[in-house]
Amino acid sequence: MDVNSSGGGGTRVDLPWPAMSPPMRGADAGQGVAEGVARAVGEGAVNTEVSIFDASDGGAIVHLPLKGRAFRVDDRTGRIIEKIVAGQALPEDDVSARVFAALDKMGIIGGEMAPEPATRPLQEFRPTEATLIFTESCNLGCTYCYASSSPQKSPPMSEEIARAAVDLVLQNASETDENLALIRYIGGGEPTMEWKLLQSVTEYIRSASQAMGVRYRIRLITNGTLLTPDRVAWIRDNIQFVTLSFDILPELQAQRSYADGRSTHGKLVKVIRELVEQGVDFHLRTTVSAQGAARLVDMVKFVHDNTGAASVRFEPMAEIGRSVTQGMAKPLQQEFVESFKAAYKLGRELGIDVTCKMFQNTLRRSSRFCNTEFSVTPEGIVSGCHRYSKEEHDGYDLFRIGRYDGSRFQFDIDRVNALRAIDVHSFSECTSCMARWNCAGGCLSARVSRQGISQSGPLCDLTRDLLKFSIEQKVGGPHG
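Cut-offs applied
Residues numbered from 1 in each chain as written. Predicted model: local features only at pLDDT ≥ 70, side-chain atom pairs only at ≥ 80, totals over all residues. Heavy atoms only, no water. Helix = DSSP H or I, 4+ residues; strand = E, 2+ residues; numbered from the N terminus. Buried < 20%, exposed > 50% of the residue type's maximum accessible area, 1.4 Å probe, protein only. Contact = heavy atoms within 4.5 Å. Areas by Shrake-Rupley, 256 points an atom, 1.4 Å probe, with all protein chains shown as cover. Phe/Tyr/Trp six-rings, centres within 6.5 Å; stacked < 30°, edge-to-face > 60°. Lys NZ or Arg CZ within 6 Å of the ring centre and 35° of its normal. Axes fitted to C-alpha atoms, helices over the stretch in contact; angles between N-to-C directions. Parallel < 35°, antiparallel > 145°, perpendicular 65-115°, else oblique. Left-handed = near helix turned anticlockwise from the far one by under 90°. Nonpolar A, V, L, I, M, F, W, Y, C, P; charged D, E, K, R; others polar. Polar contact = N/O pair within 3.5 Å; in protein donor to acceptor, adjacent residues only side chain to side chain. Pairing = 2+ DSSP bridges. Salt bridge = Lys/Arg side-chain N within 4 Å of Asp/Glu carboxyl O.

Another point: the overall build of the protein chain. A tally of helices and strands in the protein chain yields 15 helices and 17 strands. When burial is assessed residue by residue, the protein chain has 53% of its 480 residues classed as buried. Put simply, of all contacts in the protein chain between residues at least 6 apart along the chain, 74% involve residues at least 24 apart. Summed over all atoms, the accessible surface of the protein chain reaches about 21100 Å², with 48% contributed by carbon and sulfur.

Here's what the structure looks like:
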């Protein structure tokens, strides 16, 4: 089963593989088995990393992270594979031509060793995705805001800087086979506070991309409180995807109140219904603190009963920015996992896509969680992460990789490569972790504090458990 796909479908593997050709006879059989044993248990015989974990409903699941493949197997098969991976001799009963033919078909033995992902130094930084922070001002006072934004007015990004960023990613994209530029509008502050700038930059992207023959995709990340029916109509016609931040339940959305303390909940429910009615492609993005970790099922029920939204993304709160000064806590890992599993299953019943980054880790095979952002602040500073856009942010200097000099963007390639070099190989706890190539060390911002970069990831147990759950969902039930 290819676990890179988003669909389901069951795959069960019991050795000997029922679909294989009949076993060899006589001398040929003995020779084939001997060669198979030698290849399987000899030095370098296993050609890829293999992890095996118990399925929740019996048997085991074999995951080949570097190949993006997974199989459901019976207990005996699991034991055979564990011994082969460990380089142990197999009992005579487990040695047969069909066993090794099946292992070869699964991609565990035979052929060249699957290469490990590596982060190689760049000669040039040539991003095809731009993250534009139009403003550091926000009309809300979210208790866990990573940027610690406030309504205090700050100078917005200039049209000149925005257009220069767009020109750069369009030019770089034009030189790739995909021919696609990605642009995100995000905070810092709330991007729709600079509505005229947002509209103007969007129109420029359209005209410039048409002139260059480059495809583009714009994503807006917004708190939604400044959207009106007219603005939603404009978004429908001009923005390809919207992420709407919403903590769903009234008592939890209180964490995302207006700066003067007024509730935003009623406004957001109306906006969501408007997005649905006008056919905007969007999902809800819910930040889950310790307070909300056990309530994901309640949130899915509320979305179904009150909004019409079809997709919800739950993300554990990061202990960064205002959450630290407010003394807020991230969710307990196991509580989040169990709550997410139940919410996911309810979402399947109700026709709501329930997901989170850790659940989507099967889509990644990399040595880094992200590829170093081209994130542009209102002043034209380039950060490798949009969460570090102001000097007062811990880690600002680590992520600062360039600036706009008045005519073009200049990048410090040494800084870029130094940042990129902090990858899964930098953390000793990742060495033996079954999720290391899917998690890729996790989001670096979650490890950064004024004390430095932590060797311990804040959500490792959660990440492993949700990766296993995601794989199990993709390979299907024990009977296929």
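There's more to say after this.
With that settled, consider the packing of aromatic side chains. Taken as a whole and assessed by the stated rule, the structure comprises 13 aromatic pairs. When the ring of Phe134 is compared with that of Tyr185, the centres are 4.8 Å apart and the planes differ by 45 degrees; the resulting orientation is tilted. With Phe134 in the loop between strand S5 (129-132) and helix H4 (159-174) and Tyr185 in strand S6 (residues 180-185), this residue pair connects regions lying 51 residues apart in the sequence. Accessibility assignment for this pair places Phe134 and Tyr185 in one class, buried. Residues Phe374 and Phe409 carry aromatic rings whose centres are separated by 5.1 Å and whose planes lie at 90 degrees to one another, so their mutual orientation is edge-to-face. Taken together, the residues Phe374 in the loop between strand S11 (353-355) and strand S12 (375-376) and Phe409 in strand S15 (residues 409-411) connect sequence positions 35 residues apart. Grouping residues by exposure puts Phe374 and Phe409 together as buried. In textbook terms, an aromatic cluster arises when at least three aromatic residues are bridged by ring pairs, as seen for Phe125, Phe374, Tyr404, Phe409 and Phe411. A cation over a ring is seen here: Arg262 above Tyr258, with NZ or CZ 4.4 Å from the ring centre. Sitting above the plane of the Phe427 ring, Arg447 keeps its charged end 3.7 Å from the centroid.

Here the focus is the packing of helix H9 (residues 296-306) against helix H11 (residues 333-350). Look at H9 against H11: their axes get within 8 Å of each other, and the N-to-C directions meet at 25 degrees. Between H9 and H11, the crossing angle belongs to the class labelled roughly parallel. Here the hand of the crossing between H9 and H11 comes out right-handed. Mapping the contact onto sequence places Leu296, Val297, Val300, Lys301 and His304 in H9 and Phe336, Ser339, Phe340, Ala342, Ala343, Leu346, Gly347 and Leu350 in H11. Here the residues of the contact of H9 with H11 are counted per class, giving nine nonpolar, three polar and one charged.

Tracing the backbone through its elements, the reader meets Ser367 in the loop between S11 and S12. Engagement of the side chain of Ser367 in a polar contact is seen with the side chain of Thr119, the distance being 2.5 Å. Those residues in contact with Ser367, other than ones at most four positions away along the chain, are Pro117, Ala118, Thr119, Asp423, Val424, His425, Trp437 and Ala440.

Residues of strand S2 (residues 51-54) alternate between two faces, with Ser51 and Phe53 buried on one and Ile52 and Asp54 left unburied on the opposite face. Joining the antiparallel neighbours S2 and strand S3 (residues 60-64) is a turn of five residues, in which Gly58 adopts a positive phi near 105 degrees.

We now examine the environment of Cys385. Along the polypeptide, Cys385 turns up in the loop between strand S13 (381-383) and helix H12 (396-399). Classification of Cys385 as buried rests on a relative accessible area of 8%. On a C-alpha basis, the gap between Cys385 and Tyr396 in space is 9.0 Å, while along the polypeptide they are eleven residues apart. Setting aside chain neighbours within four positions, we find Cys385 in contact with Glu373, Ser375, Phe399 and Ser445.

This part covers the pairing of strand S14 (residues 400-404). Pairing analysis gives three bridges linking S13 to S14, with the strands arranged antiparallel. Looking across to S14, one finds that Ile381 is bridged to Arg403. Judged from the three bridges that link them, S14 and S15 form a sheet pairing that is antiparallel. The partner of Arg403 across the bridge, within S15, is Gln410. The turn joining S14 and S15, which pair antiparallel and follow one another in sequence, is formed by four residues; a positive phi near 105 degrees is taken by Gly406.

Attention now goes to the pattern of salt bridges. What the rule picks out here adds up to 22 salt bridges. In this structure, the salt-bridge partner of Lys153 is Glu194, at a minimum N-O distance of 2.8 Å. A residue pair is termed long-range when its members are at least 10 positions apart, and Lys153 in the loop between S5 and H4 and Glu194 in the loop between S6 and helix H5 (195-212) qualify at 41 residues. Of the residues examined, Lys153 reaches a relative accessible area of 58% and is grouped as exposed. For the salt bridge of Glu319 with Lys330, the shortest nitrogen-to-oxygen distance reads 3.7 Å. Note that Glu319 is positioned in the loop between strand S10 (311-316) and helix H10 (322-325) and Lys330 in the loop between H10 and H11, a separation of eleven residues in sequence.

Let's shift gears to unusual backbone geometry. Cis geometry marks the peptide bond from Gly187 to Gly188; its omega dihedral reads 5 degrees. Take Gly188: it is sitting in the loop between S6 and H5. Of note, Asn179 is a non-glycine position whose phi angle comes to about 55 degrees, a positive value.

Strand order across the open sheet formed by eleven strands is S11-S10-S9-S8-S7-S6-S5-S12-S13-S14-S15, with mixed pairing between neighbours. With partners counted over all chains shown, the strands left at the sheet margins are S11 and S15, one partner each. Together, strand S9 (282-288), S10 and S11 form the strand contacts of H9, whose direction differs from that of S10 by roughly 155 degrees.

Turning next to the side chain of Arg72. Mapped onto the secondary structure, Arg72 falls in strand S4 (residues 69-73). For Arg72, the side chain forms a polar contact with the main-chain oxygen of Gly476, separated by 2.6 Å.

On the secondary structure map, Asn361 appears in the loop between S11 and S12. Distance in space between the C-alpha atoms of Asn361 and Ser470 is 8.2 Å, their sequence separation being 109 residues. Setting aside residues no more than four positions away along its own chain, Asn361 makes contact with Asn438, Cys439, Thr463 and Leu467.

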